[in-house]
Amino acid sequence: MSDATRVLVTGSAGRVGSRVARRLLESGHRVTGFDLRSSGIEHPAYREVLGGFDERSAAADAVGGVDAILHLGAFMSWLPADGDRLFRANVEGTRVLLEEAARVKPRRFVFASSGEVYPENVPDYQPIDENHPLKPRSAYGLTKLLGEELVRFFERSSGTPATILRFSHTQDATELLDPESFFSGPRFFLHPKIRQQEGFGNEAAVALLRQADEGREALVLSRNETGRPFQMHITDTRDMVEGILLALDHPAAAGQVYNLGATEPVDFAAALPRMAELTALPLKTIDLPGGGVFYRTSNARIRNELGYEPRWTFDRMIDEAVQARAKRAS
Ligand code: NAD
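The residue numbering used here restarts from 1 in each chain and proceeds along that chain's sequence as written. In keeping with the model being predicted, local features are shown solely for residues with a pLDDT of at least 70 and side-chain atom pairs are shown and tallied solely at 80 or more, while totals for entire chains, interfaces and linings include all residues. Only heavy atoms go into the side-chain values, all of them from the structure, while hydrogens and water stay out.

Draft legend 1. Quick look at the UniProt feature "domain: NAD-dependent epimerase/dehydratase" (unreviewed entry) in the protein. UniProt positions are given in the numbering used here, feature names are shortened, and annotations may be inferred rather than shown by experiment. Residues annotated by UniProt as "domain: NAD-dependent epimerase/dehydratase" (unreviewed entry) correspond here to residues 7-169. Along residues 7-169 one finds 38% helix and 20% strand; the C-alpha atoms at either end are 24 Å apart. Secondary structure elements follow DSSP: runs of H or I of four or more residues count as helices, runs of E of two or more count as strands, with numbering from the N terminus.

Draft legend 2. Representation of the site of the ligand. Throughout, near means a residue has at least one heavy atom within 4 Å of the molecule or strand. Neighbouring the ligand are 27 residues, the closest being R15, D35, R37, Y140 and T170. In protein, a polar contact requires one atom able to donate a hydrogen and another able to accept it; more generally it is a pair of N or O atoms within 3.5 Å, and residues adjacent in sequence count only if both atoms are side-chain atoms. Within the contact set of the ligand, an oxygen atom lies 3.3 Å away from a backbone nitrogen or oxygen of G14. L36 places a polar main-chain atom, nitrogen or oxygen, 3.3 Å from a nitrogen atom of the ligand. Only the protein chains shown count as covering a residue, and every accessible area follows the Shrake-Rupley method with a 1.4 Å probe. Protein contacts shield 91% of the accessible area of the ligand, which totals 820 Å² for the unbound molecule. Of all the secondary-structure elements, those providing two or more residues to the shell around the ligand are α1 (15-26), β5 (109-114), α4 (139-158) and β7 (169-171). Tallying contributions element by element places β5 first for the shell around the ligand, with 3 residues. Just so you know the grouping, Ala, Val, Leu, Ile, Met, Phe, Trp, Tyr, Cys and Pro go in nonpolar, Asp, Glu, Lys and Arg go in charged, and all remaining residues, Gly too, go in polar. Looking at the shell around the ligand residue by residue, the classes come out as 13 nonpolar, 10 polar and 4 charged.

Draft legend 3. Spatial organisation of the domain arrangement of the protein. Those domain boundaries reflect an automatic or database domain assignment. The domains assigned to the protein are domain 1 (6-167) and domain 2 (173-231 + 265-295 + 314-329). Between domain 1 and domain 2, the C-alpha centre-to-centre distance is 29 Å. Taken together, the contacts link 8 residues of domain 1 with 9 residues of domain 2. Of the roughly 790 Å² buried at the junction of domain 1 and domain 2 (both faces included), carbon and sulfur atoms supply 58%. When a carboxyl oxygen of Asp or Glu lies within 4 Å of a side-chain nitrogen of Lys or Arg, that pair is called a salt bridge. Applying the counting criterion to the domain 1 and domain 2 interface returns 1 salt bridge. In this structure, the salt-bridge partner of E175 is R15, at a minimum N-O distance of 2.8 Å. Where domain 1 meets domain 2, there are 2 residue pairs in polar contact (both at pLDDT 80 or more). A breakdown of the residues in the side of domain 1 that touches domain 2 according to their chemical character gives 4 nonpolar, 2 polar and 2 charged. Whether two residues are in contact is decided by their heavy atoms, any of which lying within 4.5 Å being enough. Put simply, buried area is how much 1.4 Å-probe accessible surface two parts lose in total, over both of them, once they are put together.

Draft legend 4. Structural context of the nonpolar core. Core analysis: the largest hydrophobic core is formed by 38 residues, its most contacted members being F188, M275 and F314. Elements with a contribution of two residues or more to this core: α6 (190-200), α7 (203-211), β8 (219-223), α9 (268-279) and α11 (314-329). When residues in this core are grouped by element, the largest group, 5 residues, is from α9. Formed jointly, this core draws a minimum of three residues from each of two domains, domain 1 (6-167) and domain 2 (173-231 + 265-295 + 314-329). Excluding anything up to four places from it in sequence, F188 contacts L176, A218, L219, V220, I234, F268, L272, M275 and F314. Throughout this description, the term nonpolar core refers to a set of buried Ala, Val, Leu, Ile, Met, Phe, Trp, Tyr and Cys residues connected via side-chain atoms within 4.5 Å. Relative accessibility under 20% of the residue-type maximum defines a buried residue, over 50% an exposed one, and the middle range a partly exposed one, all with a 1.4 Å probe and only protein chains included. In terms of nonpolar packing, the next biggest core, distinct from the first, is built from 30 residues, V9, V20, M240 and I244 among them.

Right, dumping it as structure tokens:
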């Protein structure tokens, strides 16, 4: 990592941003955090700006004195009612931040995009690499693609090298067996999944899930309507942090786009029985309507060009998740 510099980390209260900020501080950097919420980080080299990315004065304040920017903050929602907020945070917010960034001419701008720009759930081919056509199906994925375009425009017009990282689905290991987790709750647990599908208005899925509900919490092995178990990448936040730090400092990353995530996808047919065994929760196998989730994304480019090597396999994450679950219960 380069010598002490001031790095702006947006989304500094978030899952990824807070860990990146702490890592940078540990290695002697000065850090400015920028988020709607406080990160709670207390460190003499840490400065925090609270506000929205689309608030001009907050963005101008945040970029002050920084020489690199990691734009990791975003609003994530798939609810139609959140559309206005989504575009304000992820598109307008990115535009305002980039305009302010252009004034300070950082040495590098790193942008957290998403595999939803492809999108992974309906790929043209697999494994999905960085040359896959970009055809998002969700408003969130569209905001990330528009963010990528804004970043490339900023790069061309300001001369600041930018790196786009298309993030895999990312979790703290401790979230995986927590029914309250924003992502892992509805992905793996029956009751949160019912609530999620009700929110999306997916009546057929709700009916199937309710049929399996015996009152007590259960894990769900999700399969598609033909019985194919879900498969997707779930990457540990710590491995994402390593990739982001490579994008910040590696000379070869300038101007590039990389898929960032675990090498192997998680096969739900193998993972869910293990999770059920370790938690002693009942397991419900449910064939949900539609094509389901089944993808494999290649991280070969970032491994070959930047030397990225993720270390947290899903099995390792689950072991940690079991400990965290036991701790929450005690
Ligand atoms: P997170 O939700 O934990 O953190 C995002 C942070 O951004 C939050 O602290 C939130 O307060 C802040 N934020 C949201 N809107 C804001 C606004 N308008 N102004 C200021 N701050 C705002 O998310 P994460 O898991 O740490 O994700 C980090 C990045 O990775 C995001 O850009 C996200 O879109 C992207 N991403 C995440 C995943 C995933 O599975 N977690 C997958 C693909 C891409």
